[in-house]
Amino acid sequence: MRRSIVRPRRENAKAQLLRALERRARSERRWAAASLWVGVGIVGLFVFCALAAPLITSSGPNDQDLLHTLQPPSWGHLLGTDNLGRDIFSRSVYAARIDLMVGLITTYVPLVLGVGLGLLAGYRGGWLETVVMRAVDVVIAFPFIVLVIVVIAIVGPGLLGVYIGITVVGWALYARLTRAEVLVVKEQQFVLAASSLGYSNARVMLRHILPNVLRPNLVFSTLDIVLNILVLASLSFLGLGVQPPTAEWGLMVADGQTFLLTAWWISTLPGFVIVLSGVGFSLIGDGLADRLGRGWRGRAGEAEGALLTVVEDGA
Amino acid sequence: MTAYLVRRLLHAVLVLAILTLVAFMLIHLVPGDPVRIMLGAHAPPAAVRQVRHELGLDRSLVRQFASFAGGLFRGDLGTSINLQRPVGEVLGPRIGPSILLLLYGTVISLVVAVPLGVLSALYRNRPVDHVIRVLATIGLAMPAFWFGLLLVEIFSLRLHFFPVAGYGDSLFGHLRSLTLPAVTVGVYLAPLVIRTLRSSLNETLAADFITAARARGFEERRVIGKHALRNALIATVTILAINIGYLISGSVVIESVFNIPGLGSLLVSTISVRDFPTISALTLVFGVLVIVVNLLADLSYALIDPRIRL
């Protein structure tokens, strides 16, 4: 046994460390992939419910059955019935239509606006940049919900106010995120090369810069959907958003408020539906953040903080 | 440093000025006649004329803005149409409960979130981390109003530990009444703190000065406790300041759920009567709160971190 002891040990330690790091990276990747697919599964389920609502449940969202009011969950009524005998499962399924639609519209309309303005501001600079960024500062100085409620005070309660309100507020974070990215990208070789080839500003912006600044915005948008659905539900709960008797998750929670002791399921179960949908979109966001590259994740994290200034915000 | 201070202050003043303009413009953005909307379509013309005069709407825009801004400098926020009282008098007693709720909620949030965020970073990609991340994801997706109702259902209606709603009479009463709302605020804010703290700690733990401390042979406890955590705490202060708007948004809804006589519940209840002077004043108050907190955070951050002194 005349083997050198020191040398192999040192090699071992190094190999061990490398293996540990590799294991960590692999486990992180596996976790992210699982996040993505579980998220896609959950969101897919909700989209299916929204599209195929009449196939999933036989009763309509506003069908009253006054002989079977306040029924606890059972095989006949999976999530029970409310004080008017409406089936809570059917209402939850139909509500997916309005909640998903509002969630998507109030996320992607501001995304398009914000990315456009951020792109122009970052690329052109000058007075345009000053105006856009000061507007961003003012919007971000408001608590998100307060500004949306103020817009509703102007427009009047209802969905129109929600759409306008969230759009007026929501673009700012995308603009800020996009401008920050543009400032970095526009100094890179391939953009300088494109400009020096004499391509028009529009072409450089749309073909060369835009694809490179879109990814962090998309990652951020999945979190934004979660927050916007929560804003819609909160506003409806407060009586400022979707009006009764339309089936909407937040409104359903509000409907059950007076029955907390006698019929807990009316408020409680639609809340779980909201949580599940939000978890679905968040998981997609986490998975995408990893898949679209590590560098983006840090910046998306910053945006998350910034958003919250607006909602920061946000709900 | 001085240059930075001046720049930062000027910026805050500019945003404040635009904010004032926005608050002033609210009533003028209303489609149709705001006075008719406030009083109803069948209000007698004399009353409409009187309210219009009281609001100064019969004067030119410039003079209206001058008197609005001049009033602000004298501490006059206008007169509530609905209550027929100065808005300052209506808002004054509501500031205390709102601030108390924000502070109480923040404390609860930190007590929950800081240990979880640190654990999550230290046990990165181990089961503990996964459980905490799942909890944070669920927390982020949870509607605050719904969680508040769950707490009421369990701890007020069934167990009778806390009052269902309201604000209490004494300081102890206030704290007791605000406990459930503050827990709701805390749970609403915690996921953000956990997520941001985790990623900021992970970044710190990968930094060169940590490697250097380890290379010097310091024990792990000292490396984490003295070097990493100190940075994490600075990060936490920033996280809280950046998210002050998010925090206020949550508390507006939560105040309404628990019927707390604060600014948020006032805002929500004022919308149905469309009391525009009150709405304008609340817009200003909330905006100023956010601007001041962000300003303080930036300044204290510049004091703590020498790299910011540009």
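Residues numbered from 1 in each chain as written. Chains lettered and ligands numbered in written order. Predicted model: local features only at pLDDT ≥ 70, side-chain atom pairs only at ≥ 80, totals over all residues. Heavy atoms only, no water.

Side note on the overall build of chain B
Along chain B, the regular secondary structure elements total 13 helices and zero strands. Along chain B, from the amino end to the carboxyl end, the secondary structure elements read α-α-α-α-α-α-α-α-α-α-α-α-α. Counting across all 310 residues of chain B, residues that qualify as buried make up 47%. In chain B, once contacts between residues fewer than 6 apart in sequence are set aside, the share between residues at least 24 apart is 70%. Accessible area for chain B stands at about 14800 Å²; split by element, carbon and sulfur atoms hold 67% of it. The average position of the 26 basic charges and that of the 16 acidic charges among the side chains of chain B differ by 5 Å. (Helix = DSSP H or I, 4+ residues; strand = E, 2+ residues; numbered from the N terminus. Buried < 20%, exposed > 50% of the residue type's maximum accessible area, 1.4 Å probe, protein only. Contact = heavy atoms within 4.5 Å. Areas by Shrake-Rupley, 256 points an atom, 1.4 Å probe, with all protein chains shown as cover. Lys, Arg positive; Asp, Glu negative; His and termini not counted. Charge placed at Lys NZ, Arg CZ, Asp CG, Glu CD.)

A look at the overall build of chain A
Scanning chain A for helices and strands turns up 11 helices and zero strands. Ordered by position in the sequence, the α and β elements of chain A form the string α-α-α-α-α-α-α-α-α-α-α. The 315 residues of chain A split such that 54% are buried.

Thoughts on the interface of chain B and chain A
Where the parts come together, the accessible area they lose is often given as the size of the interface. Tallying the contact residues gives 54 residues for chain B and 57 residues for chain A. Summing the contributions of chain B and of chain A, the shared interface buries around 4700 Å²; its carbon and sulfur component is 73%. Contact with chain A buries area across many residues of chain B, yet F145, W146 and L149 of chain B alone supply 13% of it, more than any other trio. Taken together, the connections running from chain B to chain A amount to two salt bridges. One salt bridge in this structure joins R124 of chain B and E28 of chain A, with 3.0 Å as the shortest N-O distance. Our enumeration of links across chain B and chain A arrives at 10 residue pairs in polar contact (both at pLDDT 80 or more). Taken together, the elements giving at least two residues each to the side of chain B that touches chain A come down to helix 1 (2-29), helix 6 (127-141), helix 7 (144-158), helix 8 (171-205), helix 11 (244-258), helix 12 (263-273) and helix 13 (276-304) of chain B. Here the residues of the side of chain B that touches chain A are counted per class, giving 37 nonpolar, 11 polar and six charged. (Buried area = accessible area lost by both parts, 1.4 Å probe. Salt bridge = Lys/Arg side-chain N within 4 Å of Asp/Glu carboxyl O. Polar contact = N/O pair within 3.5 Å; in protein donor to acceptor, adjacent residues only side chain to side chain. Nonpolar A, V, L, I, M, F, W, Y, C, P; charged D, E, K, R; others polar.)

Regarding the side chain of S80 of chain B
Residues and elements named next belong to chain B. For S80, the location among the structural elements is in the loop between helix 4 (61-73) and helix 5 (87-122). For S80, a relative accessible area of 1% gives the class buried. Within the structure, the side chain of S80 is placed 3.0 Å from the backbone nitrogen of L83, a separation counted as a polar contact. A polar atom in the side chain of S80 sits 2.6 Å from the side chain of D275. Not counting residues within four places of it along the chain, the set of residues in contact with S80 comprises R85, V87, D275 and T278.

Here's the deal with a nonpolar patch on the surface
Taken together, the side chains of M101, I105, V109 and L113 of chain A present a nonpolar region at the surface, about 310 Å² in accessible area. Inspection of the secondary structure assignment puts I105 of chain A in helix 3 (residues 88-124). (Patch = residues over 30% accessible without salt bridge, like charges linked within 9 Å, V, L, I, M, F, W, Y side chains within 5 Å.)

Some points on the domain arrangement of chain B
All names here are of chain B. When its domains are assigned, chain B resolves into domain 1 (33-76) and domain 2 (94-309). On a C-alpha basis, the centres of domain 1 and domain 2 stand 39 Å from each other. The interface is formed by six residues belonging to domain 1 together with six residues belonging to domain 2. Counting each side, the surface lost to burial between domain 1 and domain 2 is near 440 Å², with a carbon and sulfur contribution of 85%. At the boundary of domain 1 and domain 2, one finds zero salt bridges. (Domains from an automatic or database assignment.)

Some words on the confidence of the model for chain A
Residues and elements named next belong to chain A. A residue-level look at chain A finds 89% of positions with pLDDT of 70 or above and a mean pLDDT of 84. Between the elements of chain A, mean pLDDT differs from a low of 41, seen in helix 11 (residues 294-310), to a high of 94, seen in helix 3. Note on residues 294-315: pLDDT is under 50 here. Beyond four places in sequence and across chains, it has 83 contacts. (pLDDT = per-residue confidence, 0-100.)

A look at helix 4 (residues 126-140) of chain A
The end-to-end C-alpha separation of helix 4 of chain A is 21 Å, in line with the 21 Å expected for 15 residues at 1.5 Å each. For helix 4 of chain A, every residue scored as buried is listed here: E129, V132, M133, V136, D137, V138, V139 and I140 of chain A. (Expected span 1.5 Å × (residues − 1).)

Considering the pattern of salt bridges
Counted by the stated rule, this structure contains 12 salt bridges over all chains. Linking R134 of chain A and D137 of chain A is a salt bridge whose minimum nitrogen-to-oxygen distance equals 2.9 Å. Taken as a pair, R134 of chain A and D137 of chain A lie in helix 4 at a separation of three residues, close to a single helical turn. Take R134 of chain A: its relative accessible area is 29%, and that puts it in the partly exposed class. The partner of R158 of chain B in a salt bridge is E153 of chain B, and the shortest N-O contact between them spans 3.6 Å.

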